[in-house]
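# Remarks on the overall topology
Next come the chains, spelled out residue by residue.
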Amino acid sequence: MKILIAEDDPVSRLVLETTLASQGHEVVTAENGAEAWEAFDRDPCRVIVSDWMMPDVDGLDFCRRVRSRLNTPYTYFILLTAILPGGDNYRKAMESGVDDFLSKPLNRDMVMMRLRVASRILGYTTQIRQLEALLPICMYCKKIRDEEETWQPLEGYIRAHTGSDFSHGMCPECFEREMNAIKP
């Protein structure tokens, strides 16, 4: 798994990088939130481990940026903190889009457990995206069920979602079938 680390403390960054690399993960590091955002925006990854308190762009602001980036597969965001956050801080973090927490100093076993959860969640989000990409279509009339649970002709659905228009024609098989149906 490719993992982006955003950590301004060089020792913590090296410990986390070494831990992840020793488990076979591809690791990208950034010294602060602004650098991490540039790396993510250039080449999004599916897992981020970010320190909460960093200069310029802190972990919560970084997470908000990740969540607001359009056309990006879901990214599992783990926030590092040196203190156990209270209820108010947990709420702020969750409202920013944080998925999980790790406390400092890092416990290697806890890091690996969090990554197992991340892997499972990312697998589920991939499955959900694939299911959402399927169009429910009537096997008889070929109408498509839309988000409001109404059925509409295929052409109307595609026009509404893509802006495409259609010109109608007839394939050779259908032409022959229709001609055979009208012959005396």
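What you see as residue numbers is a count from 1 along each chain, following the sequence as written. Residue-level local features of this predicted model are given only where pLDDT is at least 70; pairs of side-chain atoms are given and counted only at 80 or more, and the full residue set underlies all totals for whole chains, interfaces and linings. The side-chain numbers reported here are obtained from all heavy atoms of the structure, hydrogens and water having been left aside.

Numbering of helices and strands starts at the N terminus; helices are DSSP runs of H or I of at least 4 residues and strands are runs of E of at least 2. A tally of helices and strands in the protein chain yields seven helices and seven strands. For the protein chain, the N- to C-terminal ordering of α and β elements is β-α-β-α-β-α-β-α-β-α-β-β-α-α. When we talk radius of gyration, it's over C-alpha atoms, and the globule rule is simply 2.2 Å times the number of residues to the 0.38. Relative to the compact-globule value of 16 Å for 184 residues, the protein chain shows a C-alpha radius of gyration of 24 Å, a clear excess of over 25%. Partly exposed describes any residue whose relative accessible area lies between the buried limit of under 20% and the exposed limit of over 50%, with all areas from a 1.4 Å probe on protein chains only and scaled to the type maximum. Residues counted as buried form 33% of the 184 residues belonging to the protein chain. Every residue pair with non-hydrogen atoms within 4.5 Å of one another is taken to be in contact. Across the protein chain, contacts joining residues at least 24 apart in sequence account for 56% of those joining residues at least 6 apart. Per element, the accessible surface of the protein chain, about 11700 Å² overall, is 55% carbon and sulfur. We treat Lys and Arg as the positive residues and Asp and Glu as the negative residues; His and chain ends play no part in the count. By convention, the charge on Lys lies at NZ, on Arg at CZ, on Asp at CG and on Glu at CD. Taking the 22 positively charged and 29 negatively charged side chains of the protein chain as two groups, their mean positions are separated by 4 Å. The method behind every accessible area is Shrake-Rupley, applied with a 1.4 Å probe, and residues are considered shielded solely by the protein chains displayed.

Moving on: unusual backbone geometry. Going from Lys104 to Pro105, the amide bond is cis rather than trans, its omega being -5 degrees. With respect to the helices and strands, the residue Pro105 is situated in the loop between strand S5 (100-103) and helix H5 (108-133). At Asn71, a residue that is not glycine, the phi angle is positive and equals roughly 50 degrees. Mapped onto the elements of the fold, Asn71 is located in the loop between helix H3 (59-68) and strand S4 (76-81). The backbone of Lys142 sits at a positive phi, close to 70 degrees, despite the residue not being glycine. Here Lys142 lies in the loop between H5 and strand S6 (144-145).

Looking now at the pattern of salt bridges. One speaks of a salt bridge when a side-chain nitrogen belonging to Lys or Arg is within 4 Å of a carboxyl oxygen belonging to Asp or Glu. This structure, assessed with the given rule, holds 11 salt bridges. The residue Arg67 makes a salt bridge to Asp99 at a minimum N-O spacing of 2.7 Å. Taken together, the residues span a long stretch of sequence, with Arg67 in helix H3 and Asp99 in the loop between helix H4 (87-96) and S5 at a distance of 32 residues. On the basis of relative accessible area, Asp99 is assigned to the partly exposed category, the value being 23%. Salt bridges here are not isolated pairs; linked through shared partners, they connect Glu7, Asp51 and Lys104.

A few words on the nonpolar core. The term nonpolar core refers to a set of buried residues drawn from Ala, Val, Leu, Ile, Met, Phe, Trp, Tyr and Cys, joined through side-chain atoms within 4.5 Å. Residues Leu4, Phe40, Ile48, Phe62, Phe77, Leu79 and Val98 are the most contacted members of the largest nonpolar core, which totals 21 residues. Contributions of two or more residues to this core are made by strand S1 (2-6), helix H2 (33-42), H3 and S4. If we skip the residues at most four places from it in the chain, Phe40 touches Leu4, Cys45, Ile48, Phe62, Val66, Arg69, Thr72 and Thr75. Counting 15 residues, the second-largest nonpolar core is a separate cluster that includes Ile3, Leu20, Leu80 and Ala118.

Stacked, edge-to-face and tilted labels apply to pairs of Phe, Tyr and Trp rings (six-membered ring for Trp) whose centres lie within 6.5 Å, assigned for plane angles under 30 degrees, over 60, and everything in between, in that order. As enumerated under the stated definition, the model contains three aromatic pairs in all. Geometrically, the ring pair formed by Phe62 and Phe77 is edge-to-face, given 5.5 Å between the ring centres and 65 degrees between the ring planes. Of this pair, Phe62 sits in helix H3 while Phe77 is found in strand S4, placing the two residues 15 residues apart along the sequence. Owing to a relative accessible area of 0%, Phe62 belongs among the buried residues under this scheme. Measuring from centroid to centroid gives 4.6 Å for Tyr90 and Phe101, while their planes differ by 85 degrees, and the two rings are edge-to-face. Taken together, the residues Tyr90 in helix H4 and Phe101 in strand S5 connect sequence positions 11 residues apart. Tyr90 sits in the partly exposed class, given a relative accessible area of 34%.

Within the secondary structure layout, Cys63 lies in helix H3. Cys63 sits in the buried class, given a relative accessible area of 0%. Taking the C-alpha atoms as reference points, Cys63 and Thr75, 12 residues apart in sequence, are found 9.5 Å from one another. Not counting the four nearest positions on each side in its chain, Cys63 is found in contact with Phe77, Ser96, Gly97 and Val98.

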